[in-house]
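Residue-level structure breakdown
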Amino acid sequence: MIDAAVAVSGLTKVFPVPFHRQPIVAVRGLDLRVQAGEVYGLLGPNGSGKSTTLKIILGLVSPTRGHTEIFGHDSRLVESREAVGFLPENPYFYKYLTGEETLRFFGRLCGLSGARLKKRIDELLELVGLTNARDRRLGTYSKGMLQRIGLAQALINEPKLVLLDEPTAGVDPAGSREIRNLIVDLKRSGITVLLSSHLLAQVQEICDRVAILANGVLVREGQLAELIAIENQTEFVVANASSHLVEEIESLIGRSNAQLIERRRSTTTLERLFLDATKNHEARNK
Ligand SMILES: Nc1ncnc2c1ncn2[C@@H]1O[C@H](COP(=O)(O)OP(=O)(O)O)[C@@H](O)[C@H]1O
Ligand SMILES: [Mg+2]
């Protein structure tokens, strides 16, 4: 069998709490497999164990029980992390460094230097759309720009797998859209993405598969379209239907054994409305 990009088996993490209180079970008996080339979403409310799971996969936290692997290498071994990039939940960057200097710093940590490092920095700034902001200090960056420089940092050593902890949290809708587009670009270039999010609606469209965690327990896993499909219902979306056609469809349903549950006008999402409205507004200001 081909090694999964990430394999988690029987993972449990208990954090002891001092002074007689009940220990916290952050993750309970978790099994996951992320296939190479997938965008996989680890979803769940705050405190459900997402960050703990990612940190164990990265070998930053040791499990109480169970085992994790990256491309077939045990997470406890350094070589498991060679082809991995990580964007932490609240990345701490030095705010007096510029975008370019930040990437140079992380590039050097990964052993890059000289012309190769310079080329990689140029490519990454271009990829995340920060070429024009490369000489600005991070203290002046928006939250969305900081997440994008964080993403560039995670990609510096040309990883095959990136782990992104809450990549869109705290970013406005347009910024969050840019980050999601970048994640789709990563997938297109063959990089496996494991991301966590408590903002289910934001990431659902970019994930091939998701796992839903609640209190450290896996409660659902699979392809999103299948998880959210309602078994015995069918929807039609019809443009330019005359009222006569609508009446005919209704009467056809009435004459069958089926039941019409709802008839309504199509709506967009609030996020799309916001993006469209602000886009037009920007265009007018130009
Ligand atoms: N280092 C730690 N010490 C004690 N408890 C922790 C520690 N890290 C996380 N926890 C607890 O484990 C649970 C899961 O946390 P976390 O993995 O950060 O969840 P999520 O990322 O889904 O918000 C929470 O109850 C949290 O308070
Ligand atoms: Mg978290």
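Here we summarise the structure given alongside this text. What you see is a predicted model; the values in this text were computed from it and never measured.

**Brief notes about the environment of leucine 117**
- The topology assignment puts leucine 117 in helix α3 (residues 114-127).
- Considering only alpha carbons, one finds leucine 117 and asparagine 157, 40 residues apart in sequence, at a separation of 9.7 Å.

**Remarks on helix α5 (residues 173-188)**
- With 16 residues, α5 should reach 22 Å at 1.5 Å per residue; the first-to-last C-alpha distance of 23 Å fits that figure.
- All of the buried residues along α5 are Ser176, Ile179, Leu182, Ile183 and Leu186. Seen along its axis, α5 keeps its buried residues to an arc of 115°; they face one direction. In α5, the exposed residues that point more than 90 degrees away from the buried face are Asn181, Asp185 and Arg188.
- Where α5 is buried, its residues contact β3 (39-43), α4 (143-154), β7 (161-165), β8 (192-197) and α6 (200-203).
- Backbone geometry just after α5 places glycine 190 at a positive phi near 90°.

**Let's talk about the site of ligand 1**
- Residues in close proximity to ligand 1 include Phe15, Ile24, Ala26, Gly44, Asn46, Gly47, Ser48, Gly49, Lys50, Ser51 and Thr52, which together make up its full environment.
- Looking at the shell around ligand 1, the elements with two or more residues in it are β2 (24-34) and α1 (50-57).
- Grouping the constituent residues of the shell around ligand 1 by class yields three nonpolar, seven polar and one charged.

**Considerations on the sheet that holds strand β1 (residues 6-15)**
- Judged by pairing direction, the sheet is antiparallel, and its four strands sit side by side in the order β2-β1-β4-β5 without closing on themselves. Of all the strands in the sheet, the pair left with one neighbour each is β2 and β5 (73-74).
- The pairing of β1 with strand β4 (residues 65-70) spans five bridges and is classified as antiparallel. In the sheet register, alanine 7 faces β4, and the bridge partner there is glutamate 69.
- Contacting β1, β2 and β4, α1 runs over the sheet at an angle of about 120° to β1.

**Comments concerning the packing of helix α2 (residues 99-109) against α4**
- Where α2 contacts α4, the axes come no closer than 9 Å and their chain directions differ by 30°. Considered as vectors, α2 and α4 are oriented roughly parallel to each other. Taken as a pair, α2 and α4 cross one another with a handedness that is right-handed. When α2 is examined against α4, the residues Gly99, Thr102, Leu103 and Phe106 are found in contact with a partner set consisting of Ile149, Ala152 and Gln153.
- Its residues assigned to classes, the contact of α2 with α4 shows four nonpolar, three polar and no charged.

**Focus: unusual backbone geometry**
- Not every positive phi belongs to a glycine, and glutamate 158 is a case in point at roughly 50°.
- Position of glutamate 158 relative to the elements: it lies in the loop between α4 and β7.
- A count of 12 C-beta atoms within 10 Å places glutamate 158 in the exposed class.
- Unlike most non-glycine residues, glutamate 166 shows phi in positive territory, near 50°.
- Looking at where glutamate 166 falls in the secondary structure, it is placed in the loop between β7 and α5.
- Since 22 C-beta atoms lie within 10 Å of it, glutamate 166 is described here as buried.

What counts as what
- Residues numbered from 1 in each chain as written.
- Chains lettered and ligands numbered in written order.
- Predicted model: local features only at pLDDT ≥ 70, side-chain atom pairs only at ≥ 80, totals over all residues.
- Helix = DSSP H or I, 4+ residues; strand = E, 2+ residues; numbered from the N terminus.
- Expected span 1.5 Å × (residues − 1).
- Buried ≥ 20, exposed ≤ 12 C-beta atoms within 10 Å, placed from the backbone.
- Arc of directions from axis to C-beta.
- Contact = placed C-beta atoms within 7 Å.
- Near = placed C-beta within 6 Å.
- Nonpolar A, V, L, I, M, F, W, Y, C, P; charged D, E, K, R; others polar.
- Pairing = 2+ DSSP bridges.
- Axes fitted to C-alpha atoms, helices over the stretch in contact; angles between N-to-C directions.
- Parallel < 35°, antiparallel > 145°, perpendicular 65-115°, else oblique.
- Left-handed = near helix turned anticlockwise from the far one by under 90°.

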